[in-house]
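Analysis of the macromolecular model
This is what each chain is made of:
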Amino acid sequence: MRLDEISVRYRIALDPHVTLKESIVRARRRKFVEHVALDELTLAVARGEMLGVIGRNGAGKTTLLNVMARVLQPTSGRLRIRGSVSSIIDLLSGFHPELSGRENAYLRGAFLGVSRARMHERIDAIAAFADIGQFFDAPLRTYSAGMIVRLAFAVTAGVDADILLIDEALGVGDAEFQVKCAARMAEHRARGVTFVVVSHDVGRLQASCDRILWLDHGRIRALGDPHEVVAQYAAAQHA
Amino acid sequence: MIEYDSAARPPRALEELRELRAHASLLRALVSRNIKVRYKRSAFGFLWTMVSPTLMLIAVSLAFTRAFAASAPGYPAYVFPGLLLWNFFAQTTTMSGEEMAGSDVWKRVRFPKTALAVSTLLTNVINLTLALVPLIIILAVAHRPLGVALLSLPLTIVLTALFVLGASLILATGALYFADVMPAWAMLLPALMFTAPVVYPASIVPPSLKPWLQLNPMTLYIEAFRAPLYTNTIPDARSFALMLAIALLTLALGWLLFTRSADDIAYRA
């Protein structure tokens with residue numbers, strides 16, 4: 001995956017108006033501030049690599065993942081990807097409260113581009129991974145928050161993608177479930193899956209990633225050896 | 001191995017079409033979700049599709065059966081097909097617009113966004129087709145003339161569906177940019193119904209006003225849909241050609257408008 005001078009610029013209206021009448025009446029008086037979320041970012045991620053992304057809130061980490069997932073079309077720059085991309089998405093997107101866990105699993109699988117036949121093969125493994133017992137066939141509205149998390153991760157973990165994007169700001173279940181997720185990630189890595197992981201848990205990224213990218217105001221502040229980048233990041237935090 | 005290069009993208013309208021074709025499972029899953037969610041906890045199932053037009057049918061029949069006795073004999077049989085098709089138009093455009101403007105899934109996962117409109121359309125086509133069964137049974141029991149003309153219904157439904165998809169996409173594009181498009185549409189729909197001969201026969205409209213009825217494209221589709229059910233006749237070839245032309249034009253316009261603005265949506269959080 002290669003990003004060449006990727007920029008994402010938002011125009012934020014100071015007086016947001018979203019109705020038709022307001023747009024017509026005030027079209028000429030509209031004021032914008034431009035927010036640069038990513039500033040000519042150039043980056044190459046190798047096949048099978050695990051890249052960690054760190055930075056303060058608002059540094060552009062999530063925007064970077066959105067560009068890689070092709071959810072957000074960059075304002076300028078060129079993006080090249082070889083392989084299929086899947087992302088661990090936020091917990092409720094694509095889930096419906098009236099449907100059962102099983103039905104929701106099929107639905108989310110479909111959103112992630114998994115064929116129905118493939119989901120048939122996987123559904124038992126997904127149920128086992130989620131490990132929520134009989135609730136798997138109960139409507140989602142009866143679930144606890146933890147069970148929804150388990151289901152969401154079980155579906156995504158069962159997807160074969162060449163590149164997996166993970167935004168860990170989401171938080172993942174209890175300790176036991178985290179161990180299971182880590183084991184599944186290790187399996188994916190062994191198969192040569194590329195990972196891009198955004199996290200605030202700097203220590204864990206340092207231990208597991210090949211390289212770490214430190215984003216600051218949409219630019220690369222540092223990129224390279226996990227220990228060095230994390231040391232610089234920690235030094236800047238305390239400065 | 002899938003390759004993607006942002007510098008070598010096909011035109012958006014074409015790219016969307018290709019992605020939609022690759023996401024057949026998604027369409028299927030969405031249609032099955034729509035149907036299940038709608039009928040999950042209901043004993044009546046698809047019969048709910050019949051409830052709103054039936055209530056409307058009773059109301060307008062009480063009001064107009066005598067008034068239109070000469071121009072539309074057997075008035076309930078005249079009005080019901082029109083109500084069904086109008087409801088199909090109103091519900092599909094409303095549901096598509098609301099779902100596409102309200103959805104946040106596409107800010108998280110990459111998938112062809114037109115899948116939401118297409119799956120809503122398919123769901124409502126299924127509902128419409130199912131609603132035809134009791135309608136035809138009732139018409140047969142009431143000794144209405146029915147025959148091979150019914151075989152023209154699938155073609156009429158397909159042409160109507162293409163037009164409705166185009167209209168849905170145009171509406172959804174507007175709804176993405178302006179929050180008041182959907183409420184305005186909800187207010188406009190009941191009035192729009194009276195610009196097509198749904199509850200009144202076209203023959204009572206003065207000749208000087210008749211061309212204006214054709215300004216509502218649904219007039220054409222409703223008359224074609226009603227002909228086999230009410231008078232056991234098939235619309236002429238010219239009607240079908242016109243329906244096809246309007247459907248394709250509307251669909252092309254909607255598709256281009258929507259796909260052109262689809263990339264922009266993520267920037268309008």
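Along each chain, residues carry numbers from 1 onward, in the same order as the chain's sequence is written. Each chain gets a letter, beginning with A, and each ligand a number, beginning with 1, in the order they are written. pLDDT decides what is reported in this predicted model: residues at 70 or higher carry local features, side-chain atom pairs at 80 or more are listed and counted, and totals for whole chains, interfaces and linings draw on all residues regardless.

**What about the overall build of chain B?**
Helix and strand assignments follow DSSP, with helices taken as H or I runs no shorter than four residues and strands as E runs no shorter than two, numbered in order from the N terminus. Along the backbone of chain B there are 10 helices and 1 strand. Taken from the N to the C terminus, the helices and strands of chain B come in the order β-α-α-α-α-α-α-α-α-α-α. Radius of gyration: C-alpha atoms only; globule rule: 2.2 Å multiplied by the number of residues to the exponent 0.38. Rg of the C-alpha trace for chain B: 20 Å, near the compact-globule value of 18 Å for 269 residues, within the 12% margin. The exposure label follows from counting other C-beta atoms within 10 Å of a residue's C-beta, where the C-beta atoms are placed from the backbone and the thresholds are 20 or more for buried and 12 or fewer for exposed, leaving partly exposed in between. Burial statistics for chain B: of 269 residues in total, 38% are counted as buried. In chain B, once contacts between residues fewer than 6 apart in sequence are set aside, the share between residues at least 24 apart is 78%. By definition, residue pairs are in contact when their C-beta atoms, positioned from the backbone, come within 7 Å.

**Here we look at the overall build of chain A**
Looking only at helices and strands, one finds 8 helices and 9 strands in chain A. Buried residues in chain A amount to 37% of all 239 residues. For chain A, restricting intrachain contacts to residue pairs at least 6 apart in sequence, the fraction spanning at least 24 positions comes to 71%.

**A short note on the nonpolar core**
To count as a nonpolar core, a set of buried Ala, Val, Leu, Ile, Met, Phe, Trp, Tyr and Cys residues must be joined through C-beta atoms within 7 Å. If you look at the biggest cluster of nonpolar residues, it comprises 126 residues, and the most contacted ones within it are Val53(A), Met68(A), Leu165(A), Val196(A), Val197(A) and Tyr221(B). Residue ranges assigned to the domains are those given by an automatic or database domain assignment. Lining this core are residues from two domains, each supplying at least three of them: domain 1 (2-84 + 161-238) and domain 2 (93-159) of chain A. Sequence-distant contacts of Tyr221(B), that is, excluding residues within four places in its chain, are made with Leu85(B), Thr156(B), Leu159(B), Thr160(B), Phe163(B) and Met243(B).

**Quick word on the environment of Ile234(B)**
Residues and elements named next belong to chain B. Mapped onto the fold, Ile-234 is located in the loop between helix H9 (218-230) and helix H10 (237-262). Note on Ile-234: 20 C-beta atoms within 10 Å, which makes it buried. Note: C-alpha distance between Ile-234 and Ala-224 (10 residues apart in sequence) is 7.4 Å. Setting aside residues up to four positions removed in sequence, Ile-234 forms contacts with Ala-149, Ser-152, Ala-227 and Pro-228.

**Structural notes on the interface of chain A and chain B**
Counting from both sides, the interface comprises 34 residues of chain A and, opposite them, 30 residues of chain B. Paired strands, as defined in this entry, are two strands with at least two bridges between them according to DSSP. Where strand S4 (residues 76-82) of chain A and strand S1 (residues 3-5) of chain B come together, 3 bridges link them in antiparallel fashion. In the strand pairing of S1(B), Ile81(A) is matched with Tyr4(B).

**Regarding the sheet that holds strand S6 (residues 163-167) of chain A**
All names here are of chain A. Spatially, 6 strands are ordered S5-S6-S7-S3-S8-S9 in an open sheet, and the strand pairing comes out mixed. Edge strands, defined here as strands with exactly one partner in the open sheet, are strand S5 (85-88) and strand S9 (219-224). Sheet twist, expressed as the average angle between the axes of neighbouring strands with direction ignored, equals 20 degrees. The sheet contact formed by S5 and S6 spans 4 bridges and is parallel. Note on geometry: axes are C-alpha line fits, over the in-contact stretch for helices, and angles between N-to-C directions span 0 to 180 degrees.

**Topic: the packing of helix H4 (residues 75-102) of chain B against H9(B)**
Residue and element names in this part refer to chain B. Between H4 and H9, the least distance of the axes is 9 Å, while the angle of their chain directions is 140 degrees. As the angle between them shows, H4 and H9 are arranged oblique. For the crossing formed where H4 meets H9, the hand is right-handed. In contact with Ala-77, Tyr-78, Pro-81, Gly-82, Leu-85, Trp-86 and Phe-89 of H4, H9 contributes Met-218, Tyr-221, Ile-222, Phe-225, Arg-226, Leu-229 and Tyr-230. Charged means Asp, Glu, Lys or Arg here, nonpolar means Ala, Val, Leu, Ile, Met, Phe, Trp, Tyr, Cys or Pro, and polar covers whatever is left, Gly included. Of the residues belonging to the contact of H4 with H9, the class tally is 12 nonpolar, 1 polar and 1 charged. For this classification, under 35 degrees means roughly parallel, over 145 means roughly antiparallel, 65 to 115 means roughly perpendicular, and everything else is oblique. Take the far helix as the reference: if the near one is turned anticlockwise from it by less than a right angle, the crossing is left-handed, and if turned clockwise, right-handed.

**Observations regarding the confidence of the model for chain A**
You can read pLDDT as the predictor saying how much it trusts each residue, on a scale of 0 to 100. A residue-level look at chain A finds 86% of positions with pLDDT of 70 or above and a mean pLDDT of 83. Per-element confidence in chain A is highest for strand S8 (residues 211-216) of chain A, whose mean pLDDT is 93, and lowest for helix H1 (residues 20-26) of chain A, whose mean pLDDT is 62.

**Side note on helix H4 (residues 116-130) of chain A**
Residue and element names in this part refer to chain A. Each residue is assigned a bend, namely the angle between axes fitted to the seven residues that terminate at it and the seven residues that start at it. Largest kink in H4: about 50 degrees, centred on Arg-122. Within the span of H4, buried status applies to Met-119, Arg-122, Ile-126, Phe-129 and Ala-130. Residues of H4 that are buried sit in contact with helix H3 (101-111), helix H5 (145-157) and helix H6 (175-190). Asp-131 sits one or two residues past H4 and shows a positive phi near 55 degrees.

**Observations regarding the packing of helix H2 (residues 24-39) of chain B against helix H5 (residues 114-141) of chain B**
The axes of two packed helices give the description: the angle between them and the distance between them. Residues and elements named next belong to chain B. At a closest axis distance of 9 Å, the pairing of H2 and H5 adopts a crossing angle of 50 degrees. Regarding the angle of H2 to H5, the classification is oblique. Pair H2 / H5 crosses with right-handed handedness. Along its contact with H2, which presents Leu-26, Leu-27, Leu-30, Val-31, Asn-34 and Ile-35, the element H5 presents Ala-115, Val-118, Ser-119, Thr-120, Leu-122 and Thr-123. Split into classes, the residues belonging to the contact of H2 with H5 amount to 8 nonpolar, 4 polar and no charged.

**Some thoughts on unusual backbone geometry**
All names here are of chain A. The phi angle at Glu-40 is positive, at roughly 45 degrees, despite the residue not being glycine. Relative to the elements of secondary structure, Glu-40 occurs in strand S2 (residues 32-44). Phi is positive for His-217, which is not a glycine, with a value near 50 degrees. Position of His-217 relative to the elements: it lies in the loop between S8 and S9.

**Quick word on H5(A)**
Residue and element names in this part refer to chain A. Expected helix span is taken as 1.5 Å per residue step, with the number of steps being one fewer than the number of residues. Given a rise of 1.5 Å per residue, 13 residues ought to cover 18 Å, and the 18 Å separating the end C-alpha atoms of H5 matches this to within 8%. The buried count for H5 comes to 10 of 13 residues, which makes it a mostly enclosed element. Considered for burial, the residues of H5 that qualify are Met-147, Ile-148, Arg-150, Leu-151, Ala-152, Phe-153, Ala-154, Val-155, Thr-156 and Ala-157. On the buried face of H5, the contacting elements are S5, H3, H4 and H6.

**A closer look at the confidence of the model for chain B**
Averaged over all residues, the pLDDT of chain B is 88; the fraction at 70 or higher stands at 95%. For this predicted complex, the interface score ipTM comes out at 0.81, alongside a pTM of 0.88.

**Re the environment of Val181(B)**
Structurally, Val181(B) can be placed in helix H7 (residues 181-193). Contact partners of Val181(B), with chain neighbours within four places excluded, come to Leu171(B), Gly174(B) and Ala175(B).

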